[in-house]
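# Architecture and fold: a report
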Amino acid sequence: MDDVDTTVFYDDENDFIGLGYHHGQEYDYEYEDAEGETLSELYQYCLAPTLYDTGFYMLPLFLAMFIFRFISQMQSISDRLFHGFSLVIGICIIQHYAQECLFLLVLFVILSYITLYIPKKYYKDIGVFLPSLFIIAHCEFYMKPIIWHKVRSIIMTMAMKTISVAADSIESNNIPDFYSYMGYMFCAATSFFGPWVPLKDYLALRRPSQQGKWWLLIVIGYTFGSFLFLSMSNCWIQWILPDNSWKWLIAYRDALAFRTSHYFISYMASAILFLGGYPFSLISIVKPLEIELPRSLVQVVVYWNIPMHFWLKKYIFRPSLKYLGKFGAVTITYLTSSLLHGLNFQLGAVLLSLGLYTYVEHQLRMMLANIFDACIGSKECTQNKCTHLHNSYNCWVIVTNIMFTVLTIFHLAYLGLMFDTSELQETGYSYIHTIEKWSQLGFASHWVALATYCIYFLIR
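Residues numbered from 1 in each chain as written. Predicted model: local features only at pLDDT ≥ 70, side-chain atom pairs only at ≥ 80, totals over all residues. Heavy atoms only, no water.

### Here's the deal with the packing of aromatic side chains
Keep this limit in mind: Stacked, edge-to-face and tilted are the three classes for Phe, Tyr and Trp ring pairs, Trp counted by its six-membered ring, which pair at centre distances within 6.5 Å; planes under 30 degrees apart are stacked, over 60 edge-to-face, the rest tilted. Labels follow the DSSP assignment, with helices taken as runs of H or I lasting at least four residues and strands as runs of E lasting at least two, numbered in each case from the N terminus. When a residue's accessible area, from a 1.4 Å probe over protein chains only, is under 20% of the maximum for its type it is buried; when over 50% it is exposed; and in between it is partly exposed.
Applying the stated rule across the entire model yields 26 aromatic pairs. A ring pair is formed by Tyr 57 and Tyr 97, whose centres lie 5.0 Å apart and whose planes are at 65°; its orientation type is edge-to-face. Here Tyr 57 is found in helix H1 (residues 39-72), whereas its partner Tyr 97 is found in helix H2 (residues 79-98), with 40 residues between them in sequence. We classify Tyr 57 as partly exposed; its relative accessible area is 21%. Look at Tyr 97 and you get buried, because its relative accessible area is 5%. Between Trp 248 and Phe 410, the aromatic rings sit 5.0 Å apart at their centres with planes inclined by 35°, giving tilted as the arrangement. Of this pair, Trp 248 sits in helix H9 (residues 247-275) while Phe 410 is found in helix H14 (residues 395-416), placing the two residues 162 residues apart along the sequence. On the basis of relative accessible area, Trp 248 is assigned to the buried category, the value being 17%. Taking the relative accessible area as the measure of exposure, Phe 410 reaches 22% and is therefore partly exposed.

Okay, here's the thing in structure tokens:
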């Protein structure tokens, strides 16, 4: 994923769920009575069942990946046969984990391929999005909420794939053959957890592997990290910060639990992707340290989901920038991210709030950096290329950047509080849930964002 450090103002995820874009379903092994429990009881009633059940749940997917990896490296079979195996294994995975959406996905992929042959004068710009918008609208209005919430990330990944292929085909005037298209759409390494990867990288799987002899250790490392984040999300965080804590600590706790569940999904997706034969350069999906100790909200939305950030920047932000300007492109990008995640008020409210926050923060910090000739922008300068009089090692520059880091953590606690572990998570959160959660904190983050904009407006 090249150019991930380019300054942008949008989520890439479930995703912010994207933030974000989650690549798979969530796991409901919550530990409700953690307060006052001993470490032994924590292990017995939370850690052990969570890790055991999740490991057993993931076992078929790992076995399927070993088969897929073996087939992809068989130079004796034709490319068409490889695409057929990719299709079959991918369908088997979806049948096993999310059979509710299998027929709909097959129909969607076939219809989306047919639309590639529509003449360009009828099929360009918004036209490449129509098949994906239709399937999302169908799921939103006709699928049971609990099922739609379960399969949403799978359909979103498929939609991103179809849009990227359609957009690239219009630009290059080169339509992929049916076998490679179906194999790519149902690729076993990305069909369930994701993430989105370009068609060209899927086709490159047929080349000899460049992963090196330590590839299995890397897979084990990412899997271990994934289970570590899962244990933090379901067990450790609730045990360390009980329900009788200060309300802002509880908000931070719930937001941190949501973020670590996203890290779990992302690291597991990285392990599956690398096991499936993709190169190491493609498996970096999330960077937890850059999110937990962020320089800015811009940094958070870039590193929350790197593949989706790249997709949004290439297919939404840059094309929109030519016609709508920076603010309009930011708005369209966040609206697109919200639509891909479904017509969900809470997610839309979080993503649009995040879009406004990042835009205002970026503009303010860029202006302050120019006024004081200091490295206090949203994005840190490269050490060897920083032209500011006061660089990042200056004492007051460090203090200023730390203040913005604290402000970012505050905003993340407020926004991430929405994605708690209530019963609503199985069907999606309503607007009432959103308003109630934010009202409990006095809409503090929005007031702070408004104050930030006022400061920017007065001194610009």
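### Concerning the packing of helix H4 (residues 130-142) against helix H5 (residues 145-172)
So the rule is basically this: Axes, fitted as lines to C-alpha atoms, cover a helix only where it is in contact. Angles between the N-to-C directions of the axes lie from 0 to 180 degrees. By definition in this entry, angles of less than 35 degrees are roughly parallel, angles greater than 145 are roughly antiparallel, angles of 65 to 115 are roughly perpendicular, and the rest are oblique. Whether two residues are in contact is decided by their heavy atoms, any of which lying within 4.5 Å being enough. Any residue that is not Ala, Val, Leu, Ile, Met, Phe, Trp, Tyr, Cys, Pro, Asp, Glu, Lys or Arg is counted as polar, Gly included; the first ten are nonpolar and the last four charged.
Close contact between H4 and H5 brings their axes to 10 Å; oriented N to C, the two are set at 170°. Our classification of the angle between H4 and H5 gives roughly antiparallel. Here Ser 132, Ile 135, Ile 136, Cys 139 and Glu 140 of H4 lie close against H5, whose contacting residues are Trp 148, Ile 155, Ala 159, Thr 162 and Ile 163. Of the residues contributing to the contact of H4 with H5, the split by class is 7 nonpolar, 2 polar and 1 charged.

### Some points on helix H6 (residues 178-185)
The condition that has to hold: Nitrogen and oxygen atoms within 3.5 Å of one another constitute a polar contact, given that in protein one can donate a hydrogen and the other can accept it, and given that sequence-neighbouring residues count only through two side-chain atoms.
Counting buried residues along H6, 6 of its 8 residues qualify, which places the element largely inside the surrounding structure. For H6, the full list of buried residues reads Ser 180, Tyr 181, Met 182, Gly 183, Tyr 184 and Met 185. On its buried side, H6 packs onto H2, helix H3 (102-115), H5 and helix H7 (199-203). With a side-chain oxygen lying 3.0 Å from the backbone nitrogen of Tyr 179, the N-terminal cap of H6 falls on Asp 177.

### Topic: the state of the cysteines
To be explicit about the condition: The disulfide criterion is simple: two cysteine sulfur atoms within 2.5 Å.
Counted by the stated rule, this structure contains 1 disulfide. Cys 46 shares a disulfide with Cys 235; S-S distance 1.8 Å. On the S-S bond that ties Cys 46 to Cys 235, the torsion sits near -90°, and the link is left-handed. One end of the pair, Cys 46, is in helix H1; the other, Cys 235, is in helix H8 (residues 215-240), and 189 residues separate them in sequence. The pair formed by Cys 46 and Cys 235 is uniform in burial state, with each residue classed as buried. The cysteine Cys 101 is free of any disulfide, with Cys 139 supplying the nearest cysteine sulfur at 7.9 Å.

### So, helix H13 (residues 345-372)
Since there are 3.6 residues in each turn of an α-helix, residues three or four apart along the chain are aligned in direction. As a reminder of what qualifies: Expected span of a helix, by definition, is 1.5 Å for each gap between consecutive residues, and there is one gap fewer than residues.
With 28 residues, H13 should cover 40 Å at 1.5 Å per step; its first-to-last C-alpha distance of 40 Å lies within 8% of that length. Immediately downstream of H13, the backbone of Asp 373 shows phi near 50°, a positive value.

### With respect to the pattern of salt bridges
Selection criterion: For this document, the term salt bridge refers to a Lys or Arg side-chain nitrogen within 4 Å of an Asp or Glu carboxyl oxygen.
Across all of its chains, the model carries 7 salt bridges by this definition. Two residues, Arg 206 and Asp 79, come together in a salt bridge whose shortest N-O distance is 2.9 Å. Residue Arg 206 is located in the loop between H7 and H8, and its partner Asp 79 is located in helix H2; the two are separated by 127 residues in the primary sequence. In this structure, Asp 201 engages Lys 200 in a salt bridge whose closest nitrogen and oxygen atoms are separated by 3.6 Å. Take Asp 201: its relative accessible area is 15%, and that puts it in the buried class.

### Things to note about the confidence of the model for the protein
Under the convention used in this document: A score from 0 to 100, pLDDT tells how confident the predictor is in each residue.
When pLDDT is averaged along the protein, the result is 85, and 89% of the positions lie at 70 or above. Mean pLDDT across the elements of the protein bottoms out in helix H15 (residues 431-440) (79) and peaks in H6 (96). Overall, residues 9-32 carries pLDDT values under 50, and its contacts beyond four positions in sequence, including any with other chains, amount to 150 contacts.

### Here we look at the nonpolar core
What counts here: The set of buried Ala, Val, Leu, Ile, Met, Phe, Trp, Tyr and Cys residues whose side-chain atoms join them within 4.5 Å is what this entry labels a nonpolar core. What marks off one domain from the next here is an automatic or database domain assignment.
In this structure, Phe 68, Ile 93, Ile 155, Tyr 278 and Trp 311 are the most contacted members of the largest nonpolar core, which totals 112 residues. For this core, the leading source of residues is H9, giving 14 residues. Composition of this core by domain shows at least three residues from each of domain 1 (73-207) and domain 2 (288-457). If sequence neighbours within four positions are ignored, Phe 68 has contacts with Phe 82, Ser 86, Ile 89, Cys 187, Ala 188, Ala 189, Leu 205 and Gly 276. Ranked by size, the runner-up nonpolar core spans 9 residues in total, among them Met 367, Leu 368, Ala 369 and Tyr 456.

### Things to note about a nonpolar patch on the surface
We count it as follows: What makes a patch is a set of residues exposed beyond 30% relative accessible area and free of salt bridges, joined within 9 Å when like-charged and within 5 Å when nonpolar (Val, Leu, Ile, Met, Phe, Trp, Tyr). Residue burial considers only the protein chains on display, and all accessible areas are found by Shrake-Rupley using a 1.4 Å probe.
On the surface, a cluster of nonpolar side chains totalling about 1,000 Å² of accessible area is made up of Ile 371, Phe 372, Trp 396, Trp 447, Leu 450, Tyr 453, Ile 455, Phe 457, Leu 458 and Ile 459. At the level of secondary structure, the elements contributing two or more residues to the nonpolar patch comprise H13 and helix H16 (444-459). Ranked by residue count, the leading element in the nonpolar patch is H16, at 7 residues. One can find Phe 372 in helix H13. Look at Phe 372 and you get partly exposed, because its relative accessible area is 43%.

### Considering unusual backbone geometry
Along the chain, Gly 194 connects to Pro 195 via a cis peptide bond; the corresponding omega equals 0°. Within the secondary structure layout, Pro 195 lies in the loop between H6 and H7. Unlike most non-glycine residues, Asn 173 shows phi in positive territory, near 60°. Asn 173 sits in the exposed class, given a relative accessible area of 61%. With a phi close to 50°, Phe 443 is a non-glycine residue in the positive phi region. Following the sequence through the fold, Phe 443 ends up in the loop between H15 and H16. Accessibility expressed as a relative area gives 29% for Phe 443, which makes it partly exposed.

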